[in-house]
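Notes for the structure review
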Amino acid sequence: MTKQMQQTLVPEMADELCPRCGSEAVRVADLITLSGDPLFDCRECGFEWGELLRDLMA
């Protein structure tokens, strides 16, 4: 019998606050976007945003 290895991917936490709710529970949802910027995701409210929106809200 062979052992099957299971890989668990842990989302990378980001040093970023959610622009909608201010939560620190933000993770990098996707590193590959059309613009090449990361896509962030809030685990509290579900809001997703990218670098362009973050720059506009700053």
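This report concerns the structure included in the present document. Residue numbers here run from 1 along each chain, matching the order of that chain's written sequence. Only residues with pLDDT of at least 70 get local features here, since the model is predicted, and only at 80 or more are side-chain atom pairs given and counted; chain-wide, interface and lining totals rely on the full set of residues. Calculation of side-chain values draws on the structure's entire complement of heavy atoms; hydrogens and water are dropped beforehand.

Okay, the packing of aromatic side chains next. Each aromatic pair joins two rings of Phe, Tyr and Trp (for Trp, the six-membered one) with centres within 6.5 Å, and gets the label stacked for planes under 30 degrees apart, edge-to-face for over 60, and tilted for any other angle. Counted by the stated rule, this structure contains two aromatic pairs. A centroid spacing of 5.6 Å and a plane angle of 20 degrees characterise the contact between Phe-47 and Trp-49, whose relative ring orientation is stacked. You can call Phe-47 buried: its relative accessible area is 17%. Residue Trp-49 is classed as buried on the basis of its relative accessible area, which comes to 2%. An aromatic cluster is present here, built from Phe-40, Phe-47 and Trp-49 joined pairwise through their rings. Residue burial is assigned from relative accessible area. The probe radius is 1.4 Å, only protein chains are included, and a residue is buried under 20% of its type maximum, exposed over 50%, and partly exposed in between.

Our next topic: the nonpolar core. Residues belong to a common nonpolar core when they are buried Ala, Val, Leu, Ile, Met, Phe, Trp, Tyr or Cys residues joined through side-chain atoms within 4.5 Å. One finds Ala-14, Cys-18, Val-26, Val-28, Phe-40, Cys-42, Phe-47 and Trp-49 forming the largest nonpolar core, which totals eight residues. Put simply, DSSP H or I for four residues or longer makes a helix, DSSP E for two residues or longer makes a strand, and each gets a number counted from the N terminus. If you list the elements that add at least two residues to this core, you get β1 (26–30) and β2 (39–42). Beyond its immediate sequence surroundings of up to four residues, Val-28 is in contact with Glu-12, Ala-14, Pro-38, Leu-39 and Phe-40. When checking whether two residues touch, look at their non-hydrogen atoms; a contact exists if any pair is within 4.5 Å.

Once that is clear, we can look at the environment of Leu-53. With respect to the secondary-structure elements, Leu-53 resides in helix α1 (residues 51–57). For Leu-53, a relative accessible area of 31% gives the class partly exposed. With 34 residues separating them in the primary sequence, Leu-53 and Pro-19 have C-alpha atoms 9.2 Å apart.

Pairs can form between side chains of opposite charge once their charged atoms are near each other. Salt bridge, as applied in this entry: a Lys or Arg side-chain nitrogen positioned within 4 Å of an Asp or Glu carboxyl oxygen. This structure, assessed with the given rule, holds one salt bridge. Across the pair Arg-27 and Asp-41 runs a salt bridge whose closest N-O atoms are separated by 3.3 Å. Residue Arg-27 is found in strand β1, and its partner Asp-41 is found in strand β2; the two are separated by 14 residues along the sequence.

Paired strands are those between which DSSP finds at least two bridges. Strand order in the open sheet formed by three strands is β1-β2-β3, with antiparallel pairing between adjacent strands. Bordering the open sheet on either side are β1 and β3 (48–50), each of which pairs with just one other strand. Averaged over all pairs of adjacent strands, the angle between strand axes in this sheet comes to 35 degrees, irrespective of strand direction. Pairing geometry for β1 and β2, over four bridges, is antiparallel. For Asp-30, the partnering residue across the bridge sits in β2 and is Leu-39. Each axis is a line fitted through C-alpha atoms, and for a helix only the stretch in contact is used; angles between axes span 0 to 180 degrees, taken between their N-to-C directions.

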